[in-house]
Amino acid sequence: MSPAPLTAREANLIGCRLCHLLIPMPKEPGHCPRCGARLHQRQPNSIARSWALLIAAMILYLPANLLPITISSSLGTSQSDTILSGVLYLLNSGSWAIALVIFVASLFVPLMKMVILVFLLVSVHRRSRWRPKDRTRLYRLTELVGRWSMVDIYVVTIMVALVRLGALANVDAGPGAAYFAAVVILTMFAAESFDPRLIWDRMEDCDE
Amino acid sequence: MKSLMACHECDLLQRIPPVSEGRVALCSRCGAVLFRPKRNSLDRTIALNLTGILLYAVAVSFPFLALKTQGFVREAALLTGMKVLYQQGMSGLALVVVLTCILFPLIEMLSLLYILLPLKFGGTLPGAARLFHSVQVLKPWGMMEVFMLGILVSMVKLAKMATIIPGTALWAFVLLIFVLAGSAVSLDSHLVWEKLDRRP
Ligand SMILES: [Zn+2]
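Residues numbered from 1 in each chain as written. Chains lettered and ligands numbered in written order. Predicted model: local features only at pLDDT ≥ 70, side-chain atom pairs only at ≥ 80, totals over all residues. Heavy atoms only, no water.

Colleague: Tell me about the UniProt feature "transmembrane region" (unreviewed entry) in chain A, and please be specific about residues and values.
Modeller: UniProt feature "transmembrane region" (unreviewed entry): in the numbering of this structure it lies at residues 51–76, 96–124, 145–165 and 177–194 of chain A. With 62% helix and 0% strand, residues 145–165 of chain A has its two end C-alpha atoms placed 35 Å apart. (UniProt positions renumbered as here; feature names shortened; annotations may be inferred. Helix = DSSP H or I, 4+ residues; strand = E, 2+ residues; numbered from the N terminus.)

Structure representation (structure tokens):
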């Protein structure tokens, strides 16, 4: 077998996570001399912060999906729509392509993101050595797709702006929309707090 | 140490690989993108961001969609929806939309010009490194392309109940999405950091 790979930490160096500058490990914790980012061997409290944000997101995921995101009224009748009922309505009215977009962005992606983050956090906690490269890929995926969940929030924003025809037709944003935006933002922060280098640290621990 | 770098995703220490323009340097252990040098990176990024500012000005000042039903016409500009959300008591939500679709993209374009234009002529303006740091932190929070998808979804939804008239801003908006994507591709942050490095 080839010798274990040498990391910056083992060489007593530190690589800035933001601008990638490599410098000798300073005695005091400090800032990167080039970009000013705080220098950390590993993100401090990465696991705890990631869990906290993730659990908050999971709790808010319930009202986000149970409360209406839009309340539309036309000619005296009003109708509340949750994310799911909106998707079903689109499906029934034949707009299956749009239904699919909203289903993937608003239901599938946030759920998948939370499941992946739980899996990554548990795997790091259990000092797993299972396929670190694939786990890093999963992490990259959650960072990449998370933003697209915001699409429903923007649809609501556009609907309330355009459908404003007095008694004829009107669309109001419902409380579910605010909860849903919070879920998207919290999961983005949770992914950002997770330090993928922790996945690889376990590999070196076991080599010793 | 100048010839070494640590992977930002797995911390592996490795020799900086010689990579020609247009190719990608990947981490040999986890496959993370270390950097991707670009041909004429500075020129292209500057040109795209200047174009972007112009398109942005059009995209925010003109209505992007109008809805026509039974004699009523209702126009909406980019900021209309955020104003209505605010009036409906959803100020937090309005703020999120303003930041992600209006403010962050503008800050990013202006900051890049502030940083890159002087670099092209061999200088730096005060605070450039600090600003480039902020640009990279804010990057995931600018979501104009997601808003574009939101416009498309809304158009399909609304087409059932009324006639939709695309406005001037919509075309500017579509072009802007391509320009921003081009800017993201042509920007070589590795190169910018090296040029911004003023340490002895
Ligand atoms: Zn790596």
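Colleague: Give me the UniProt feature "transmembrane region" (unreviewed entry) in chain B: which residues, what numbers.
Modeller: UniProt tags residues 46–67, 92–117, 137–156 and 168–187 of chain B as "transmembrane region" (unreviewed entry). When the span residues 46–67 of chain B is considered, its composition is 73% helix and 14% strand, and the gap between its end C-alpha atoms is 37 Å.

Colleague: Got a sec to walk through the domain arrangement of chain A? Specific residues and values, please.
Modeller: Residues and elements named next belong to chain A. Under the domain assignment, chain A is made up of domain 1 (1–41) and domain 2 (43–205). Distance between the C-alpha centres of domain 1 and domain 2: 33 Å. Taken together, the contacts link seven residues of domain 1 with ten residues of domain 2. Roughly 690 Å² of surface becomes buried between domain 1 and domain 2 when both sides are summed, with 39% attributable to carbon and sulfur atoms. Per-residue buried area on domain 1 facing domain 2 is highest for Arg9, Arg17 and His40; these three make up 69% of the total on that side. Between the two partners, domain 1 and domain 2, sit one salt bridge. Note that arginine 9 is salt-bridged to aspartate 201, the shortest N-O span being 3.7 Å. Along the contact surface separating domain 1 from domain 2 lie one residue pair in polar contact (both at pLDDT 80 or more). Its residues assigned to classes, the side of domain 1 that touches domain 2 comprises no nonpolar, four polar and three charged. (Domains from an automatic or database assignment. Contact = heavy atoms within 4.5 Å. Buried area = accessible area lost by both parts, 1.4 Å probe. Salt bridge = Lys/Arg side-chain N within 4 Å of Asp/Glu carboxyl O. Polar contact = N/O pair within 3.5 Å; in protein donor to acceptor, adjacent residues only side chain to side chain. Nonpolar A, V, L, I, M, F, W, Y, C, P; charged D, E, K, R; others polar.)

Colleague: Give a detailed account of the coordination of the zinc ion, specifying residues and quantitative values.
Modeller: Residues and elements named next belong to chain B. Each protein donor to the zinc ion is listed here as Cys7 (SG), Cys10 (SG), Cys27 (SG) and Cys30 (SG); together their distances run 2.2 to 2.4 Å. Between the four donor atoms coordinating the zinc ion, the angles at the centre fall across 104 to 114°, so the site counts as tetrahedral. All donors of the zinc ion belong to a single chain; written as a sequence motif, their spacing is C-x2-C-x16-C-x2-C. With cysteine 10 in the loop between strand E1 (4–6) and strand E2 (13–15) and cysteine 27 in the loop between strand E3 (25–26) and strand E4 (33–35), this residue pair connects regions lying 17 residues apart in the sequence. (Donors = N, O, S within 2.8 Å, 3.2 Å for Na, K, Ca; no water. Tetrahedral: all angles 85-135°; square planar, octahedral: opposite > 155°, others 65-115°.)

Colleague: Break down helix H6 (residues 168–186) of chain B for me, citing the residues and quoting the values.
Modeller: Residues and elements named next belong to chain B. Taking 1.5 Å per residue, 19 residues should reach 27 Å; H6 reaches 27 Å between its end C-alpha atoms and fits that length. Every buried residue of H6 is listed here: Ala169, Leu170, Ala172, Phe173, Leu176, Ile177, Val179, Ser183 and Ser186. On its buried face, H6 sits against helix H1 (41–61), strand E5 (65–69), helix H3 (91–120), helix H5 (144–159) and strand E7 (163–166). (Expected span 1.5 Å × (residues − 1). Buried < 20%, exposed > 50% of the residue type's maximum accessible area, 1.4 Å probe, protein only.)

Colleague: Quick rundown of the interface of chain A and chain B? Include the residues and the values.
Modeller: How big an interface is tends to be expressed through the accessible area that disappears when the partners come together. In this assembly, 65 residues from chain A lie in contact with 65 residues from chain B. For the pairing of chain A and chain B, the buried interface totals around 5800 Å² over both sides, and the portion due to carbon and sulfur atoms is 72%. It is Arg34, Tyr154 and Leu162 of chain A in chain A that bury the most area against chain B; as a group they hold 13% of the surface buried on that side. Remark: the boundary between chain A and chain B carries four salt bridges.

Colleague: Quick one: what's the story with the pairing of strand E6 (residues 72–76) of chain B, residue by residue and with numbers?
Modeller: Residues and elements named next belong to chain B. Note that E5 and E6 share five bridges and pair antiparallel. By the bridge assignment, leucine 67 is partnered in E6 with arginine 74. Turn length for the E5-E6 hairpin, with the two strands adjacent in sequence and antiparallel, is two residues, and the turn residue glutamine 70 shows positive phi of about 40°. (Pairing = 2+ DSSP bridges.)

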